[in-house]
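Structure assessment
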Amino acid sequence: MNLVEHVKNKCKFTIFNYPDGRRYIGEQKRNKIEVFGIGVNPNRYIYKGEWKNYTSEGYGIIFFHGSRYEGEFKKGKMEGIGIFYYDNGNRYEGEFKNNCFNGYGTYFYHKGDKYEGEFKNGNKEGVWNYYYSDGRKYEGEFKKGIQEGKGKYYHPNGEIYEGEFKKGLPEGKGKFYSPDGSRYEGQFKNGTIEGFGIIVFPDGTSYKGEFKGNKKFGFGIDYFKEIGRASCRERV
């Protein structure tokens, strides 16, 4: 038994052809396309689910170009709670509005990465948790899908960066903690230590001054463990 015969045997059956080529196969109530049915748009999608006032509304499944969505619909659009499966194995679970990810949700990559947080019109916005398959983790703000604002980045080797991000990289004021016990606090630029800052080493010595390309550069002062001992120098 094919799909058309199944629907016909289960309910009051109707076929409705739209002027633009779309087709509805399913139940009819009070001379309206309502309750449950199948909508077909040639070369674009197939929808199976609930209908109201000639359009998809309620729970349904839509298939198109190898991907599919399962969840709630409102006035013909994906809206409410649902799951979107991509043809490459990625998927999104969460809130939808006006056919876009909108609200809280979790996005899973087929390679193991995932992120969870707030979406706005399909883009990551606000505070997010991003988990990488290699053990890295980011907690912080996103803007238009990119790490921007304040955040915290964890590396699998124990390194931690906490501070400001711009275009997905540390930039501005921040702190960097190394697994050997040393720590840096100061300025970053384009993902590297650059500008003025202070670094404290596990043996109690420290350096306060200028940096460039993750190295001491320009004017600075070395502080040694012995009381009162310091060295002031300029590096190029």
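So, here is what we can say about the structure in this document. A quick note: this is a predicted structure, and the numbers were derived from the prediction, not measured.

**Topic: the pairing of strand S9 (residues 100–108)**
Sheet analysis places strand S8 (residues 91–97) next to S9, joined by six bridges and oriented antiparallel. By the bridge assignment for S9, Phe96 is matched with Phe101. The hairpin turn running from S8 into S9, its antiparallel successor, is two residues long, and Asn98 in that turn takes a positive phi close to 55°. Across six bridges, the pairing between S9 and strand S10 (residues 114–120) is antiparallel. Within the sheet, the bridge partner assigned to Tyr104 lies in S10 and is Glu118. Where S9 folds back onto S10 in an antiparallel hairpin, the turn is made up of five residues, including Gly112, whose phi is positive at roughly 120°.

**Digging into the packing of aromatic side chains**
In this structure the tally under the stated criterion is 31 aromatic pairs. With a centroid separation of 3.9 Å and an interplanar angle of 20°, the aromatic rings of Tyr92 and Phe101 are classed as stacked. Comparing Tyr92 with Phe101 shows no difference in burial state: the two are buried. In this structure, Lys212 packs its charged tip against the face of Phe217, placed 5.4 Å from the ring centre.

**Quick notes on the layout of surface pockets**
For the second largest pocket, the calculated volume is near 220 Å³. What lines the second largest pocket is a set of 14 residues, among which Tyr161, Pro170, Phe176, Phe188 and Gly191 lie closest to the centre. The set of elements that each furnish at least two residues to the lining of the second largest pocket consists of strand S13 (146–154), strand S14 (160–166), strand S15 (169–177) and strand S17 (192–200). Per-element tally for the lining of the second largest pocket: the top contributor is S15, with three residues. In the lining of the second largest pocket, the residues fall into eight nonpolar, six polar and no charged.

**Focus on the pattern of salt bridges**
Inspection of every chain in the model, using the stated rule, returns five salt bridges. Between Lys137 and Glu139 there is a salt bridge, and its shortest N-O distance comes to 2.7 Å. When its relative accessible area of 27% is taken as the criterion, Glu139 is described as partly exposed. When the shortest N-O distance is used, the salt bridge between Asp222 and Lys216 registers 3.1 Å. We classify Asp222 as buried; its relative accessible area is 7%. Given the relative accessible area of 30%, Lys216 is considered partly exposed.

**A short note on unusual backbone geometry**
Of note, the phi angle at Lys75 is positive, near 50°, even though the residue is not glycine. Tracing the chain through its elements places Lys75 in the loop between strand S6 (67–74) and strand S7 (77–85). Here Asn98, not a glycine, exhibits a phi torsion of approximately 55°, which is positive. Note on placement: Asn98 falls in the loop between S8 and S9.

**Observations regarding the side chain of Lys124**
With respect to the helices and strands, Lys124 occurs in strand S11 (residues 123–131). Notably, Lys124 is buried but unbridged: the nearest opposite-charge side chain belongs to Glu125, and the N-O separation is 9.8 Å. For Lys124, the contacting residues outside a window of four places in its chain are Tyr115, Glu118, Phe119, Phe142, Lys143, Lys144 and Gly145.

How each quantity is defined
Residue indices follow the written sequence of each chain, beginning from 1 at its first position. This being a predicted model, a pLDDT of at least 70 is required before a residue's local features are given, and a value of 80 or more before pairs of side-chain atoms are given or counted; all residues contribute to the totals for chains, interfaces and linings. The side-chain quantities take in all heavy atoms of the structure and omit both hydrogens and water. Any two strands with at least two DSSP-identified bridges between them are counted as paired. A helix here means a DSSP run of H or I that spans at least four residues, while a strand means a run of E at least two residues long, and both kinds are numbered starting from the N terminus. The aromatic pairing rule takes the rings of Phe, Tyr and Trp, using the six-membered ring of Trp, and pairs them if the centres are within 6.5 Å, calling planes under 30 degrees apart stacked, those over 60 edge-to-face and the rest tilted. A 1.4 Å probe rolled over the protein chains alone gives each residue an accessible area, and that area as a share of the maximum for its type sets the label: buried under 20%, exposed over 50%, partly exposed in between. Lysine and arginine charges are scored as sitting over a ring when NZ or CZ, respectively, is within 6 Å of the ring centre and within 35 degrees of the ring normal. Space inside and on the surface of the protein is sampled on a 1 Å grid over the protein atoms alone, with a cavity defined as a set of points where a 1.4 Å probe fits but cannot get out and a pocket as an open set with protein on both sides within 12 Å along at least 5 of 7 lines; lining residues have an atom within 4 Å of a point. Grid points are joined across faces, edges and corners, and a volume is the space filled by probe spheres set on the points. Each residue receives one of three labels: charged for Asp, Glu, Lys and Arg, nonpolar for Ala, Val, Leu, Ile, Met, Phe, Trp, Tyr, Cys and Pro, and polar for the others, Gly being one of them. For this document, the term salt bridge refers to a Lys or Arg side-chain nitrogen within 4 Å of an Asp or Glu carboxyl oxygen. Charged residues are defined narrowly, with Lys and Arg counted positive, Asp and Glu counted negative, and His plus the chain ends left uncounted. Every residue pair with non-hydrogen atoms within 4.5 Å of one another is taken to be in contact.

No statement about biological role is implied by the geometric values presented.
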